[in-house]
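Descriptive structure summary
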Amino acid sequence: NHIAIDDYVVDVLLPDLAGHDHSPGAFLVYLILWTDLFRSGERRVAISLQQIAGRTGMSKSAVQGAMRLLKRRGLVTAKKSTATSIPEYELSRHWLRRRAKALVVASR
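Residues numbered from 1 in each chain as written. Predicted model: local features only at pLDDT ≥ 70, side-chain atom pairs only at ≥ 80, totals over all residues. Heavy atoms only, no water.

1. Description of the pattern of salt bridges
Scanning all chains against the criterion turns up five salt bridges. Of the charged contacts in the structure, one is a salt bridge between Glu-90 and Arg-43, with a shortest N-O distance of 2.7 Å. Taken as a pair, Glu-90 in strand 3 (residues 88–91) and Arg-43 in the loop between helix 2 (24–40) and strand 1 (45–46) lie far apart in primary sequence, 47 residues in all. Each of Asp-16, Asp-21 and Arg-73 takes part in one network of salt bridges that share partners. (Salt bridge = Lys/Arg side-chain N within 4 Å of Asp/Glu carboxyl O. Helix = DSSP H or I, 4+ residues; strand = E, 2+ residues; numbered from the N terminus.)

Printed below as a string of structure tokens:
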């Protein structure tokens, strides 16, 4: 099976997160969320930090740090129904809005 990934993720986010922010783990976490969302076809995915850690080979605390960075950068939002429930993550794909605006302006 193949998973479609936007060019922006590889061309911009990868060097930005791994190079500029010195956090390749944040990119790995982003890819796990992207993969689960792509496969499910949903807007949000419920996954625990421990599950992400197991799938990336990172420690749970490293996943927590990566998630903090992704949230601070506005790339991921998390919602919990209760304080102890597994968070539901949603990716902010802001480049799609920019691309759509550029297409509208170009078509005028």
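Okay, back to it.
2. Some thoughts on the packing of helix 2 against helix 3 (residues 49–56)
Axes are the key here: two packed helices are described by the angle between their axes and the distance separating the axes. Orientation of helix 2 relative to helix 3, taken along the N-to-C sense of each, is 105°, at an axis distance of 10 Å. Considering the angle they form, helix 2 stands roughly perpendicular to helix 3. Of helix 3, the residues touching helix 2 (which contributes Leu-28, Val-29, Ile-32, Leu-33, Thr-35, Asp-36 and Arg-39) are Ile-52, Arg-55 and Thr-56. By residue class, the composition of the contact of helix 2 with helix 3 is five nonpolar, two polar and three charged. (Axes fitted to C-alpha atoms, helices over the stretch in contact; angles between N-to-C directions. Parallel < 35°, antiparallel > 145°, perpendicular 65-115°, else oblique. Contact = heavy atoms within 4.5 Å. Nonpolar A, V, L, I, M, F, W, Y, C, P; charged D, E, K, R; others polar.)

3. Considering the packing of aromatic side chains
Taken as a whole, this structure holds one aromatic pair when the rule is applied. Pairing Tyr-30 with Trp-34 gives two aromatic rings, centres 6.1 Å apart and planes at 40°, and the pair type is tilted. In this pair, Tyr-30 and Trp-34 both sit in helix 2, four residues apart, roughly one turn of the helix. (Phe/Tyr/Trp six-rings, centres within 6.5 Å; stacked < 30°, edge-to-face > 60°.)

4. A few points about the nonpolar core
Core analysis: the largest hydrophobic core is formed by 27 residues, its most contacted members being Val-29, Tyr-30, Leu-33 and Val-76. Elements with a minimum of two residues in this core: helix 1 (7–20), helix 2, helix 3, helix 4 (60–72) and strand 3. Considering each element in turn, this core owes the most residues, eight residues, to helix 2. (Core = buried A, V, L, I, M, F, W, Y, C linked by side-chain atoms within 4.5 Å. Buried < 20%, exposed > 50% of the residue type's maximum accessible area, 1.4 Å probe, protein only.)

5. Quick notes on the sheet that holds strand 3
With respect to topology, three strands assemble into an open sheet ordered 1-3-2, the strand pairing being antiparallel. The open sheet terminates on both sides in strands that have one partner only, identified here as strand 1 and strand 2 (76–79). As paired elements, strand 1 and strand 3 share two bridges and run antiparallel to each other. Paired with Ala-46 across the two strands is Glu-88, which belongs to strand 3. This element, helix 4, spans strand 2 and strand 3 of the sheet and lies at about 110° to strand 2. (Pairing = 2+ DSSP bridges.)

6. Re helix 2
In this model, helix 2 (17 residues) spans 25 Å end to end at C-alpha, consistent with the 24 Å of a helix rising 1.5 Å per residue. Just downstream of helix 2, Gly-41 is the residue with a positive phi angle, here 75°. (Expected span 1.5 Å × (residues − 1).)

7. Comments concerning the side chain of Ser-85
Assignment of secondary structure puts Ser-85 in the loop between strand 2 and strand 3. Within the local environment of Ser-85, its side chain forms a polar contact with the backbone nitrogen of Ser-81, the two atoms lying 3.3 Å apart. (Polar contact = N/O pair within 3.5 Å; in protein donor to acceptor, adjacent residues only side chain to side chain.)

8. A word on the confidence of the model for the protein
Segments scoring low in pLDDT should not have their predicted coordinates read at a detailed level. For the protein, the mean per-residue pLDDT works out to 88, and 87% of the residues sit at or above 70. Of all secondary-structure elements in the protein, the lowest mean pLDDT belongs to helix 5 (residues 94–107), at 60, while helix 3 reaches the highest, 97. (pLDDT = per-residue confidence, 0-100.)

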